[in-house]
Amino acid sequence: MNAFATQWLPSYLIPFFTLSYPTVTPKNPDSFPDSAYYKTGIQDACLVITCIAVMAILRDALRLGVLEPLAHWKLTRDLFNRKRLGVAKSEEHTNGHVMTNGVSNGNGHISDDPRPTPKELRKVHRSVLRFAEQGWSVVYYTLQWSFGLYVHRNLPTQVLEPSALWRDYPHIPLAGPVKFYYLTQTAFYLHQVLILNAEARRKDHVQMMTHHIITIFLMTTSYFFNFTRVGCVIMVLMDYCDIFLPLAKMIRYSEISQFACDMTFGWFLVSWLVTRHILFLFIIVSTYRDVPRFIPFRWSAEEGLYSSKTTWTAFVSLLCALQVFPLTSNQSCPRT
């Protein structure tokens, strides 16, 4: 992609379609030995802008071209089947007060019309929209968590031994997959902020905005301050359970199976507890305990060192905020 862009695109467009700041690969890299390596810089924002645009297009294409038609077909088919079944049962149980070929519509009139009412159609429409919205989240988090797991498995870090996150700091330059992972994740949360403010205001608008702003701030500062390894681990932990809550909602909105919905929601609760409130706690404790042990508090842009008591305190505080925040906000149950 880099070679193609360099050859065919004007120079001012190249940063929008390629990873910027390529540099020499380290002699003995501890991860991704066959990858190209890059530095970081403000020009990286150009690729983030492109990713936001691509995500907006993909989201609408998936929602309008696949998910909404699929949900509409499924829900309207089920609704018509229920209406026809209701008419058939009414004909079987007619008595002297009701016509043998009709069913009461609730207003004292008799009708054998199996067509749905406007109220039922409005309910189907709402379910279709919500199914499609949750579908984008399932697709994105599944793909991005899989890619994040690939990145994590190729880095010399372990969740249960988080001190490795800080050894040999600063971890520069960045391997191409790490840089791409970070930039696409940043683009996703910026895209989410745009969606929250562009669409109808939700009941949890303030909570979601607060969460996204904290996340974007942590991702941006860890990227430019060279704390990307801990960022990669945190994103993998955070993304896993985000697959299953929207999946449970999709099952609920599409009326596939209440049992499947409950099982999926149950797995979400288990994964949410393990990843966000057990494993993530390991990262917070390590940040508080191990950073002063392995990283000197020294600020030197030339050496890529951006560690001080102020940044350390702010980092720990914001991680704690992400830990506490879900406990103080309402979780969306797929039954509603």
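Worth saying up front: this structure is predicted, and the values here are computed from it rather than measured.

Regarding a positive patch on the surface
Here is step 1: A surface patch of positive charge is lined by K119, R122, K123, R126, R130, K203 and R252.
Here is step 2: Tallying contributions element by element places helix α3 (residues 118-154) first for the positive patch, with 5 residues.
Here is step 3: Within the secondary structure, R130 is located in helix α3.

Description of unusual backbone geometry
Here is step 1: In this structure, P170 follows Y169 across a cis peptide bond, with omega equal to 5°.
Here is step 2: With respect to the secondary-structure elements, P170 resides in the loop between α3 and β5 (174-175).
Here is step 3: Geometrically, the link from I172 to P173 is a cis peptide bond, its omega value of -5° lying close to zero.
Here is step 4: Of note, P173 is situated in the loop between α3 and β5.
Here is step 5: Positive phi, normally seen in glycine, also occurs at D168, with a value near 65°.
Here is step 6: Among the structural elements, D168 can be located in the loop between α3 and β5.

Details of the pattern of salt bridges
A side chain of one charge can pair with a side chain of the opposite charge when the charged atoms of the two come close.
Here is step 1: Evaluation of the coordinates by the stated rule reveals 11 salt bridges.
Here is step 2: The partner of K179 in a salt bridge is D44, with the nearest N and O atoms 2.9 Å apart. Residue K179 is found in helix α4 (residues 176-198), and its partner D44 is found in helix α2 (residues 44-92); the two are separated by 135 residues along the sequence.
Here is step 3: With relative accessibility at 0%, the residue K179 sits in the buried group.
Here is step 4: Residue classification places D44 among the buried positions, given a relative accessible area of 3%.
Here is step 5: Of the charged contacts, one joins D78 and R77 as a salt bridge, the two residues approaching to 3.3 Å between their closest N and O atoms.
Here is step 6: A relative accessible area of 36% places R77 in the partly exposed class.

Overview of helix α5 (residues 205-224)
Here is step 1: When the terminal C-alpha atoms of α5 are compared, their 29 Å separation across 20 residues agrees well with the 28 Å that a helix rising 1.5 Å per residue should span.
Here is step 2: Among all positions in α5, only H205, M209, H211, H212, I214, T215, I216, L218, M219, S222 and Y223 are buried.

Re the packing of α4 against helix α6 (residues 228-241)
Here is step 1: Look at α4 against α6: their axes get within 11 Å of each other, and the N-to-C directions meet at 55°. Here α6 runs oblique to α4, going by the angle between their axes. Crossing geometry of α4 relative to α6 is assigned as left-handed. Contacts between α4 and α6 pair V178, Y181, Y182, Q185 and Y189 from the former with T228, G231, C232, M235, V236 and D239 from the latter.
Here is step 2: Taken together, the residues that form the contact of α4 with α6 break down as 7 nonpolar, 3 polar and 1 charged.

Reading the values: the criteria
Position numbers for residues start from 1 in each chain and track the written sequence from start to end. Only residues with pLDDT of at least 70 get local features here, since the model is predicted, and only at 80 or more are side-chain atom pairs given and counted; chain-wide, interface and lining totals rely on the full set of residues. As a rule here, side-chain values cover all heavy atoms of the structure and leave hydrogens and water aside. Patches here: salt-bridge-free residues with over 30% relative accessible area, like charges joined within 9 Å, nonpolar side chains (Val, Leu, Ile, Met, Phe, Trp, Tyr) joined within 5 Å. What sets the accessible areas is the Shrake-Rupley method with a 1.4 Å probe; for residues, cover comes only from the shown protein chains. Criterion for a salt bridge: a side-chain nitrogen of Lys or Arg within 4 Å of a carboxyl oxygen of Asp or Glu. For the charge count, each Lys or Arg is scored as positive and each Asp or Glu as negative, with His and the chain ends excluded. Positions of charges follow a simple convention, taking NZ of Lys, CZ of Arg, CG of Asp or CD of Glu. Secondary structure elements are defined from DSSP: runs of H or I of at least 4 residues count as helices, runs of E of at least 2 residues count as strands, and each element is numbered from the N terminus. Only protein chains enter the area calculation, which uses a 1.4 Å probe; residues under 20% of their type maximum are buried, those over 50% are exposed, and those in between are partly exposed. Working rule for helices: expected span equals 1.5 Å times residues minus one. Helix axes are fitted to C-alpha atoms over the stretch in contact, other axes to C-alpha atoms as well, and angles between N-to-C directions run from 0 to 180 degrees. Any angle between 65 and 115 degrees counts as roughly perpendicular, while under 35 counts as roughly parallel, over 145 as roughly antiparallel, and the rest as oblique. Working rule for handedness: look at the near helix, and if it is turned counterclockwise from the far one by less than a right angle, call the crossing left-handed; if clockwise, right-handed. For this analysis, residues touch if any pair of their heavy atoms sits within 4.5 Å. Gly falls in the polar group here, along with every residue not listed as nonpolar (Ala, Val, Leu, Ile, Met, Phe, Trp, Tyr, Cys, Pro) or charged (Asp, Glu, Lys, Arg).

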